[in-house]
Amino acid sequence: MKIWVNGALHPAESAHVSVLDHGMTVGDGIFETVKAVHGQPFALTRHLDRLTRSARGLGLPDPDLDEVRRACTAVLDANPAALARLRITYTGGLSPLGSDRGDAGPTLVVAAGETARRPDSTAVITVPWTRNERGALTGLKTTSYAENVVALARAHEQGASEALFANTVGQLCEGTGSNVFVVLDGELHTPPLASGCLAGITRALTVDWTGAHETDLPFDALERAEEIFLTSTLRDVQAVHRVDGRQLPTGPGPVTAKAMRVFDERSGADLDP
């Protein structure tokens, strides 16, 4: 494996970042995960736009997007795969211990690893912890991901691949690394960005391509929904067949199946929508 670190490709065993990097010491960093099919990244422009928004939200300098694109191309060329996870990480860089940033400039790391297509349906759980829709990091894709690690570990313990959160006012919000859609009375809904959920790239495309409604939803909508599905970069559109102890149909329902078909067709026709 070859990894891009601050301007050049390095073998994985020598691709080093300082232990004093602010991304390491206090989680002061942002990232994007991009799907790449046969070496071609999907929706890269949208991902880089969000990378810039996240950087500004943290007060980091705007990333040099030309360099990021060069790094993505170099990494994908050096690590060929039919389906890959491309990871772009951008941090506060070398800094003193503590929350103050140093003046050495940001760190850029780009890596890629082979992955497999997800199953058509999955199980999820709900967790008692909440998303803070009013927090300083709300809507930013930061490397401060520890609460997602904890929630996802609980999901795995219960035979599920994702955990779903409410926000602080009891509304349905998102998963650890996915957005959630529900079908209620035959209509497709997803929580609005004001709920505190991440502005997912796949979420936005799914809303545009299916006409889904952005709706404030109580958390117990999961108990009433006729169909539920998740969206994310590597899931695309994935049906849910179990929420906690509630069983839904094993196969994707009609609304979900249509969303899956539309997403496959539209994303296959345009790699940078």
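Just above sits the structure.
Residues numbered from 1 in each chain as written. Predicted model: local features only at pLDDT ≥ 70, side-chain atom pairs only at ≥ 80, totals over all residues. Heavy atoms only, no water.

**Points about the sheet that holds strand β1 (residues 2–5)**
Then, in step 1: Ordered in space as β2-β1-β6-β5-β3-β4, the six strands form an open sheet in which the pairing is antiparallel. Two strands lie at the open edges of the sheet, namely β2 (8–11) and β4 (40–41), each paired on one side alone.
Then, in step 2: Where β1 lies against β2, four bridges are found, and the strand directions are antiparallel. When the sheet's bridge partners are listed, Ile 3 is paired in β2 with His 10.
Then, in step 3: Across the sheet, helix α2 (residues 44–58) lies against β3 (29–37), β4 and β5 (83–91), angled at about 175 degrees from β3, the strand it touches most. (Pairing = 2+ DSSP bridges. Helix = DSSP H or I, 4+ residues; strand = E, 2+ residues; numbered from the N terminus. Contact = heavy atoms within 4.5 Å. Axes fitted to C-alpha atoms, helices over the stretch in contact; angles between N-to-C directions.)

**Side note on the layout of surface pockets**
Then, in step 1: Estimated volume of the largest pocket: approximately 1,100 Å³.
Then, in step 2: Lining the largest pocket are 47 residues, and of these Lys 141, Tyr 145, Asn 148, Thr 176 and Gly 177 sit closest to its centre.
Then, in step 3: Here the element with the most residues in the lining of the largest pocket is helix α4 (residues 146–157); it accounts for four residues.
Then, in step 4: Of the residues in the lining of the largest pocket, the class split is 13 nonpolar, 22 polar and twelve charged.
Then, in step 5: Estimated volume of the second largest pocket: approximately 270 Å³.
Then, in step 6: In terms of lining, the second largest pocket is formed by 17 residues, of which the most central are Lys 35, Val 37, Leu 83, Arg 117 and Asp 236.
Then, in step 7: The set of elements that each furnish at least two residues to the lining of the second largest pocket consists of β3 and α7 (254–269).
Then, in step 8: Per element, the largest residue contribution to the lining of the second largest pocket is four residues, and it comes from α7. (1 Å grid on protein atoms, 1.4 Å probe; cavity = no way out; pocket = protein on both sides within 12 Å on 5 of 7 lines; lining within 4 Å. Points joined across faces, edges and corners; volume = space filled by probe spheres on them. Nonpolar A, V, L, I, M, F, W, Y, C, P; charged D, E, K, R; others polar.)

**Re α2**
Then, in step 1: Over its 15 residues, α2 extends 21 Å from the first C-alpha to the last, a length consistent with the 21 Å expected when each residue adds 1.5 Å.
Then, in step 2: Looking only at α2, the buried set comprises Leu 44, His 47, Leu 48, Arg 50, Leu 51, Thr 52, Ser 54, Ala 55 and Leu 58.
Then, in step 3: Elements that come into contact with the buried residues of α2 comprise β3, β4, α3 (65–78), β5 and α5 (201–210).
Then, in step 4: Directly after α2, the chain includes Gly 59, whose backbone phi takes a positive value near 80 degrees. (Expected span 1.5 Å × (residues − 1). Buried < 20%, exposed > 50% of the residue type's maximum accessible area, 1.4 Å probe, protein only.)

**Overview of the nonpolar core**
Then, in step 1: Counting residues in each nonpolar core, the largest one holds 25 residues, and the members touching the most others are Trp 4, Cys 72, Leu 86, Ile 88, Leu 108 and Val 110.
Then, in step 2: Secondary structure elements with two or more residues in this core: β3, α2, α3, β5 and β6 (107–114).
Then, in step 3: Take this core: its biggest share by element is six residues, from α3.
Then, in step 4: Look past the residues within four positions of Cys 72 in its chain and what remains in contact with it is Leu 44, Leu 86, Ile 88 and Val 110.
Then, in step 5: Among the nonpolar cores identified, the runner-up in size contains 17 residues, and Val 180, Leu 217, Leu 222 and Val 240 belong to it. (Core = buried A, V, L, I, M, F, W, Y, C linked by side-chain atoms within 4.5 Å.)

**What to know about the side chain of Ser 121**
Then, in step 1: Relative to the assigned elements, Ser 121 resides in strand β7 (residues 121–131).
Then, in step 2: The exposure class assigned to Ser 121 is buried, which follows from its relative accessible area of 17%.
Then, in step 3: In terms of polar contacts, Ser 121 uses its side chain to reach the side chain of His 241, at 2.9 Å.
Then, in step 4: Among all residues touching Ser 121, those that are not within four sequence positions of it are Gln 238, Ala 239, His 241 and Thr 250. (Polar contact = N/O pair within 3.5 Å; in protein donor to acceptor, adjacent residues only side chain to side chain.)

**Concerning the pairing of β6**
Then, in step 1: Most of β6 sits inside the fold, with six of its eight residues counted as buried.
Then, in step 2: Direction of pairing for β1 relative to β6: antiparallel, over a ladder of two bridges. Counterpart to Trp 4 in the pairing with β6 is Val 110.
Then, in step 3: Inspection of the sheet shows β5 paired to β6 by eight bridges, in the antiparallel sense. Following the sheet pairing, Leu 86 is matched in β6 by Ala 112.

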